[in-house]
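Reading the structure
Letter by letter, the chains look like this.
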Amino acid sequence: MKICVILGTRPEIIKMAPVIDEIEKRSHELLLIHTGQHYDKEMSENFFIDLELPKPNYNIHVGSGSHGKQTGLMMEGIEEVLIDEKPDIVLVQGDTNAVLAGALVAQKLHIPVGHVEAGLRSFDVSMPEEINRLGADCCSYFYFVPTEESAINLALEGYMPENIFVTGNSVVDTCFRNLKIAEKTSTIIDDLDLDNLDNIITLTMHRAENVDNKQRLLSIIEALMELKDFNIIFPIHPRTKKTLENFGLYDKLEALPHIHITKPIGYLDFLVLISKSIIVLTDSGGLQEEAITLNVPALTLRYNTERPETVTAGGNILVGADKDFILETADKILNNEEFYSSMKNAKNPYGDGSAACQMLDIIEDAYNKNNLKIESPDNIMTSFKVKMENIDEDITVSKFEKKYNRIVRVVYNGEEMVFPKKDLNIKGSMVLFNEYNI
Ligand code: UD1
Ligand code: UDP
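**As for the overall build of the protein**
- The secondary structure content of the protein amounts to 19 helices and 17 strands.
- Its C-alpha atoms give the protein a radius of gyration of 23 Å, near enough to 22 Å, the size a compact globule of 438 residues would have.
- Its C-alpha atoms give the protein principal-axis dimensions of roughly 70 × 50 × 40 Å.
- Taken over 438 residues, the protein has a buried fraction of 56%.
- Counted over contacts in the protein with a minimum sequence separation of 6, partners at least 24 positions apart contribute 71%.
- If you sum the accessible surface of the protein, you get close to 19,400 Å²; carbon and sulfur atoms cover 49% of it.

If you want it as structure tokens, here you go:
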């Protein structure tokens, strides 16, 4: 089987690494396309080295630019490669411009798309990433979702549960596979030469709504200036460096003795840095997941999150760009042992590190059953209705579907929405289903 993986930014490289490993381990043909959205050595090549990934077969070199230009160039470049190479399936990851470009182009060429980390929703359409998530999910064939919450998001939007697979997030695979190696090889903590190792905050921010907005950025920076009880390690994203310089704030921040600004750090060093931190302060998506995976409390510099499981689990607090709230919460973590330990011990909702393996099992199964095909149907649809019903019968989803020629879309058990796993007993639940009379 020929499997195409499209990636282009730091988080895609990190989260696709275990998927690429698994494709190679199972001796499938890998077609790796880099869009070139991230191009600095510290944002791209270093991760290929750290994670021992093969060189991409193609680099589209889209570089930086407006969303329309970047997405358009990616679509043009990806289409050319896919027409030439004809992979059996295309895998895209997350919510960057590559996921939208790749999914749109591939699905229109009738190449099935697997969206890794599908179904996340912040319900905030001012975020470019939310548009990419919605668009990519519209164009996908398989949905590899990290949690049941994401599966329910998709089911409620009308996606077919039979194509939605709760696999966990592949970031856990990457974390687990690399942490032990990192602990042996990384010298980052010694290199930082800090006076205190018990008060490290790892800080990252790059979200457009924070760093391109002077008022929000100033409010966050004022909080950072007052967090003098901590050593703040700030590997700076190139976007953030540019905006801080443009606003004349970079030198001010760099001059502070408790703030240590560095270039973006390699993955192995970064894993060790997070694991030795007392707090992760971030607006990153991946960091919210890694923090809870590594038992480090996260304070998220955002007003919403497409990772609400981390908040519900108790490991993540949304602090926005609210200076007082940031300071108050950081102080509580440092000085209130009970509070710190409850955040630290929050249960990781993102699986056991076997996401990539599960994805490959699903893809291989579909390939072996000749199901990796997008074809016009040749049976005439005679009836298609969506209905809701209270179920009194003692019956599982799978038996209900077979017995009544129905497909269950989503279940409400009287308390919450539930994803319709095949073995779920739906007695006493309200069920939304499609009825087929074909
Ligand atoms: C992109 C993704 C975002 C993801 C982030 C991961 C989209 C819409 N955004 O945001 O979802 O969270 O990557 O880091 O796809 N730059 C460099 N060197 C580089 C790359 C970028 O200097 O190698 C600078 C350029 O000035 C560029 C700016 O950073 O204009 C922003 O880069 P861009 O790729 O447009 O968006 P990110 O903020 O990185
Ligand atoms: N990361 C890293 N070095 C850094 C900063 C981040 O290796 O200096 C990793 C981090 O562990 C996570 C990913 O980059 O896996 C997150 O990328 P980013 O915050 O750029 O994107 P997002 O997750 O918000 O899309």
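**A few points about the site of ligand 2**
- Around ligand 2, the surrounding shell holds 16 residues, and the nearest of these are Arg207, Ile265, Ser284, Gly286 and Glu290.
- With respect to ligand 2, the backbone of isoleucine 265 contributes an N or O atom lying 2.7 Å from a nitrogen atom.
- One nitrogen or oxygen atom from the main chain of glycine 286 is found 2.7 Å from an oxygen atom belonging to ligand 2.
- Protein coverage of the free-state accessible area of ligand 2, which is 530 Å², stands at 96%.
- For the shell around ligand 2, the secondary structure elements donating two or more residues are helix H1 (10-25), helix H13 (267-275) and helix H14 (285-293).
- When residues in the shell around ligand 2 are grouped by element, the largest group, four residues, is from H14.

**Details of the pairing of strand S8 (residues 200-204)**
- Buried residues dominate S8, accounting for five of its five residues.
- The side-chain alternation of S8 yields two buried faces, one formed by Ile200, Thr202 and Thr204 and the other by Ile201 and Leu203.
- When S8 meets strand S9 (residues 231-235), the two strands line up parallel, connected through three bridges. Its bridge partner being in S9, isoleucine 201 is matched across the sheet by isoleucine 232.

**Quick look at the packing of helix H7 (residues 170-185) against H13**
- The geometry of H7 relative to H13 is characterised by a closest axis approach of 8 Å and an angle of 90 degrees between their N-to-C directions. Taken together, H7 and H13 sit at an angle that is classed as roughly perpendicular. Judged by residue contacts, Thr174, Cys175, Asn178, Leu179, Ala182, Glu183 and Thr185 of H7 engage Tyr267, Leu268, Leu271, Val272 and Ser275 from H13.
- For the contact of H7 with H13, the class distribution of residues is seven nonpolar, four polar and one charged.

**Observations concerning the packing of aromatic side chains**
- Counted according to the given criterion, the structure contains seven aromatic pairs.
- Both rings, one in tyrosine 143 and one in tyrosine 159, keep their centres 5.1 Å apart while their planes meet at 55 degrees; by these two values the pair is tilted. Note that tyrosine 143 is positioned in strand S6 (residues 142-145) and tyrosine 159 in the loop between helix H6 (148-156) and strand S7 (164-166), a separation of 16 residues in sequence.
- Classification of tyrosine 143 as buried rests on a relative accessible area of 4%.
- Among the residues examined, tyrosine 159 registers a relative accessible area of 13% and is labelled buried.
- The aromatic ring of tyrosine 250 is capped on one face by lysine 241, whose charged end is 5.4 Å from the ring centroid.

**Digging into the sheet that holds strand S5 (residues 113-116)**
- The seven strands are arranged S3-S2-S1-S4-S5-S6-S7 in an open sheet whose pairing can be described as parallel. For this open sheet the edge positions go to strand S3 (58-59) and S7, each flanked by a neighbour on one side alone.
- Pairing of strand S1 (residues 2-7) with strand S2 (residues 29-34) involves six bridges; the strand directions are parallel. When the bridges of S2 are listed, lysine 2 appears paired with glutamate 29.
- Relative to the sheet, H1 contacts S1, S2, strand S4 (89-93) and S5, its axis offset from that of S1 by approximately 165 degrees.

**Things to note about the site of ligand 1**
- Inspection of the region around ligand 1 gives 19 residues, with His38, Tyr39, Glu129, His206 and Arg239 positioned closest.
- Glutamine 37 is positioned such that a nitrogen or oxygen atom in its side chain is 3.0 Å from an oxygen atom of ligand 1.
- One of the side-chain N or O atoms of histidine 237 is found 3.1 Å from an oxygen atom in ligand 1.
- Look at ligand 1: alone it shows 750 Å² of surface, and the protein chains cover 89% of it.
- Among the secondary structure elements, those contributing two or more residues to the shell around ligand 1 are helix H3 (67-85) and helix H11 (238-246).

How each quantity is defined
Residues numbered from 1 in each chain as written. Chains lettered and ligands numbered in written order. Predicted model: local features only at pLDDT ≥ 70, side-chain atom pairs only at ≥ 80, totals over all residues. Heavy atoms only, no water. Helix = DSSP H or I, 4+ residues; strand = E, 2+ residues; numbered from the N terminus. Rg over C-alpha atoms; globule rule 2.2 N^0.38 Å. Buried < 20%, exposed > 50% of the residue type's maximum accessible area, 1.4 Å probe, protein only. Contact = heavy atoms within 4.5 Å. Areas by Shrake-Rupley, 256 points an atom, 1.4 Å probe, with all protein chains shown as cover. Near = heavy atom within 4 Å. Polar contact = N/O pair within 3.5 Å; in protein donor to acceptor, adjacent residues only side chain to side chain. Pairing = 2+ DSSP bridges. Axes fitted to C-alpha atoms, helices over the stretch in contact; angles between N-to-C directions. Parallel < 35°, antiparallel > 145°, perpendicular 65-115°, else oblique. Nonpolar A, V, L, I, M, F, W, Y, C, P; charged D, E, K, R; others polar. Phe/Tyr/Trp six-rings, centres within 6.5 Å; stacked < 30°, edge-to-face > 60°. Lys NZ or Arg CZ within 6 Å of the ring centre and 35° of its normal.

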